[in-house]
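An overview of the molecular structure
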Amino acid sequence: MSSSKNIIDTTDTNGLTKAVQSYIKKKYNISPEHPWHQYPDYATFKELYSQKWFAIIMSVSGKKLGLPTDDEIPIINVKADPEIIMMMGRTPGFMPGYHMNKRNWLTILLDGTVELEQVTARIDDSYKMIADTPTRRIYEAVKKIPKGKVATYGQVAEMAGDRKMARAVGNALHKNPDHDSIPCHRVVNSKGELAEAFVFGGVNMQEKFLYEEGVTVINGKVDLKRFGMK
């Protein structure tokens, strides 16, 4: 198996930084954002549903990192378990989060000290920490509702792992970031009634979406025996 040294020149810090960004784009389809005008090269990466950062790339003076150089050193900050931070913080190329909560963030040098595979492994762990949330599980459950069928909030909660969080389902769907991939119009209450304030345009839009998929709505209600997901 080829190592990262066969793929990129790890002495080329710009190349390593680009390789990391390319990895995130290819695996998670997430492009960098550049929120700070005064630091145009700084890049942040957000998980789609939670909109939380799981990686931040920046360049920092070596002296600020406790290194014996004034040169700018590219680094990446990632989320990590506190025990991992304590353990990795004693390993060359790793340290508690720079300019972040040192209990929850780990800094990795992108100067060639740490190989690409080690960096991407920590990125994957960071992404999982952000992505594995009740909201994420709710959205994944909604994606499983087939076209032409509906499911109740309770059913979605059960598919997401906890039937008791039916109210959380409503809250999550009200903040749905992507109707095209998360068909929240297929979710109704336990009586088959549509939402009073459908997030994508109001009640009539939910009925319109269902009608286009062959689901009959009568007086704002769907017949669960006929159209309910089993």
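Residues numbered from 1 in each chain as written. Predicted model: local features only at pLDDT ≥ 70, side-chain atom pairs only at ≥ 80, totals over all residues. Heavy atoms only, no water.

1. Some words on the confidence of the model for the chain
As a reminder, the rule being used: Predictor confidence is given residue by residue as pLDDT, running from a minimum of 0 to a maximum of 100. Every helix listed is a DSSP run of H or I at least four residues long, and every strand listed is a run of E at least two residues long, numbered separately from the N terminus. In this description, contact between two residues means that some pair of their heavy atoms is separated by no more than 4.5 Å.
Averaged over every residue, the pLDDT of the chain is 90; the share at 70 or more is 94%. Confidence, expressed as mean pLDDT per element, reaches its minimum in the chain at helix 1 (residues 4-7) with 39 and its maximum at strand 6 (residues 151-152) with 98. Scored below 50 in pLDDT, residues 1-11 makes 14 contacts in the model with residues more than four places away or belonging to other chains.

2. Some details on unusual backbone geometry
Quick note on the threshold: A 1.4 Å probe rolled over the protein chains alone gives each residue an accessible area, and that area as a share of the maximum for its type sets the label: buried under 20%, exposed over 50%, partly exposed in between.
The backbone of Asn29 shows a phi angle near 55°, a positive value even though the residue is not glycine. Residue placement: Asn29 occurs in the loop between helix 2 (13-28) and strand 1 (43-46). Accessibility expressed as a relative area gives 58% for Asn29, which makes it exposed. A positive phi is found at Asn219, a non-glycine position, where the angle reads about 55°. Within the fold, Asn219 resides in the loop between strand 8 (217-218) and strand 9 (221-222). For Asn219, a relative accessible area of 80% corresponds to the exposed category.

3. Regarding the packing of aromatic side chains
Inclusion rule: Working definition: rings of Phe, Tyr and Trp (its six-membered ring) pair if their centres are within 6.5 Å, and the pair is stacked with planes under 30 degrees apart, edge-to-face with planes over 60 apart, and tilted otherwise.
One pass over the structure, following the stated rule, counts 9 aromatic pairs. An angle of 80° between the planes, with centres 6.2 Å apart, marks the rings of Trp36 and Tyr42 as edge-to-face. Among the residues examined, Tyr42 registers a relative accessible area of 16% and is labelled buried. Look at Trp36 and Trp53: their rings are 5.7 Å apart centre to centre, the planes differ by 70°, and that puts the pair in the edge-to-face class.

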